[in-house]
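# Summary of structural features
As a plain string of letters, each chain reads:
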Amino acid sequence: MKLVVLDSYVAVSTDLSLDCLQGLCDEMQVYDRTPPEETAARIGSAELVLINKTVLSREVLAQCPSVRYIGLFATGYNVVDVDYCRERGIVVANAPAYSTDSVAQLVFAYLLHFACLADKHSQEVHQGAWQNCRDFAFYDPRIFELSGKTLGVVGYGAIGRRVASLARAFGMKVLVHTRTLRPDEDGIRFVPLEELLSASDFVSLHCPLFPETEKLMNREALARMKDGAILINTARGGVIDEQAVADALNSGKLRGAAVDVALREPISPDNPLLTARNCLITPHIAWATREARERLIQIVYDNLRAFLEGAPTNNVARA
């Protein structure tokens, strides 16, 4: 069978490789990136396709009748027309839970950024503020402890659960909103979204991007949040209304925001968050630690091997 990898670079970068896949196919073609207009041609007669963010629409897949398997270097699968794949019997295998610890780690990097203002204090020290201070210490009085604060977690998959666990270790109160309300756990309360928004000092988004979650954090939802709360998005750019978040930052409704994702990636030069007050933006790095990418490649390998052995795993297109 022929295997085509359409956009390997982001997952592999310069430090990893896909050599492990060679033994699973008769022929393998690897592309760092694939422009949309070349997608169908590059797939050609291949039966096996691996992607990260390359869009495989109904129109593209209709031109590729040989495709039997699509493997994702990602957990999210909104770039694939899963309904069409189900109609055609194409297996679509995602890679769940590979980046759980890495994403949760970045969430707490954001939380600690706002709590400690470590980068601000370091810059001021390098600019001479400590050397010229009359006291043994100087500090921004806005720093605070995480302990005792309330973190609202929207979405309770593997990442949401890990974030909630770390929050408990920091002594934080945890509220969770998920599609199905469940009994409270030790130190964790499951509540409707409206209650979570109104009671949380921080809101961290961990829900997938589906039609029902698109612009989940819109003007109405932001208005329900505490004055001075902080919003964190490591999910997908589309789950927030970027203009509404920028407006909430600029008005002071939100004290801050931290986002690792954008509606359009790479981020558009006119994205309103780029000029919003107190908005921390990282370039979709939460998943990208070396350890997470090594796990990702292993899961992609295991998924493909399972398919070839007749026992598909992680098939999000199953009937």
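Cut-offs applied
Residues numbered from 1 in each chain as written. Predicted model: local features only at pLDDT ≥ 70, side-chain atom pairs only at ≥ 80, totals over all residues. Heavy atoms only, no water. Helix = DSSP H or I, 4+ residues; strand = E, 2+ residues; numbered from the N terminus. Buried < 20%, exposed > 50% of the residue type's maximum accessible area, 1.4 Å probe, protein only. Contact = heavy atoms within 4.5 Å. Axes fitted to C-alpha atoms, helices over the stretch in contact; angles between N-to-C directions. Parallel < 35°, antiparallel > 145°, perpendicular 65-115°, else oblique. Left-handed = near helix turned anticlockwise from the far one by under 90°. Patch = residues over 30% accessible without salt bridge, like charges linked within 9 Å, V, L, I, M, F, W, Y side chains within 5 Å. Areas by Shrake-Rupley, 256 points an atom, 1.4 Å probe, with all protein chains shown as cover. Salt bridge = Lys/Arg side-chain N within 4 Å of Asp/Glu carboxyl O. Pairing = 2+ DSSP bridges. Expected span 1.5 Å × (residues − 1). Arc of directions from axis to C-beta.

Along the protein chain, the regular secondary structure elements total 11 helices and 12 strands. Its C-alpha atoms give the protein chain principal-axis dimensions of roughly 70 × 45 × 35 Å. Residues classed as buried in the protein chain amount to 49% of the 319 residues present. Sequence separation of at least 24 residues holds for 63% of the intrachain contacts in the protein chain that already meet a minimum separation of 6.

Attention now goes to the packing of helix α5 (residues 100-116) against helix α7 (residues 158-169). Contact geometry of α5 with α7 gives a least axis separation of 9 Å together with a crossing angle of 50°. What the angle tells us is that α5 and α7 run oblique. Judged by the twist between their axes, the crossing of α5 over α7 is right-handed. Residues Thr100, Asp101, Val103, Ala104, Val107 and Phe108 of α5 form the contact with α7, whose own contacting residues are Ala158, Ile159, Arg162, Val163, Leu166 and Ala167.

This part covers unusual backbone geometry. For the bond from Glu265 to Pro266, the omega torsion is -5°, close enough to zero to count as cis. Locating Pro266 in the fold gives a position in the loop between β11 (254-259) and β12 (279-281). Even without a glycine there, the phi angle at Ser13 is positive, about 55°. Along the chain, the position of Ser13 falls in the loop between α1 (9-12) and β2 (27-30). The exposure class assigned to Ser13 is partly exposed, which follows from its relative accessible area of 30%. In the Ramachandran plot, Ala97 falls in the positive-phi region, its phi being about 65° despite a non-glycine side chain. Looking at the secondary structure, you find Ala97 in the loop between β5 (91-93) and α5.

A separate point is a nonpolar patch on the surface. On the surface, Ile267, Leu274 and Ile281 cluster together to form a nonpolar patch covering roughly 210 Å² of accessible area. Residue class for Ile281 comes out partly exposed when judged on its relative accessible area of 32%.

For the rest of this paragraph, the subject is the pairing of strand β1 (residues 2-5). For β1 and β2, the ladder comprises four bridges, and the chain directions are parallel. Note on β2: the bridge partner recorded for Val4 is Gln29. Sheet topology places β1 next to strand β3 (residues 48-51); three bridges connect them, and they run parallel. Opposite Val4, over in β3, you have Val49 as the bridge partner.

Taken in spatial order, the seven strands make up an open sheet running β8-β7-β6-β9-β10-β11-β12, and their pairing is parallel. Because the sheet does not close on itself, it has two edges, and the strands there are β8 (188-190) and β12. Direction aside, the axes of adjacent strands within the sheet are offset by 15° on average. For strand β10 (residues 229-233) and β11, the ladder comprises five bridges, and the chain directions are parallel.

Right, let's talk about α7 for a bit. With 12 residues, α7 should cover 16 Å at 1.5 Å per step; its first-to-last C-alpha distance of 17 Å lies within 8% of that length. Buried within α7 we find Gly160, Val163, Ala164 and Ala167. Viewed end-on, α7 has its buried residues packed into an arc of 100°, placing them on one side of the element. Buried residues belonging to α7 abut α5, β6 (150-154), β7 (173-177) and β8. Looking at the residues trailing α7, positive phi occurs at Gly171, about 80°.

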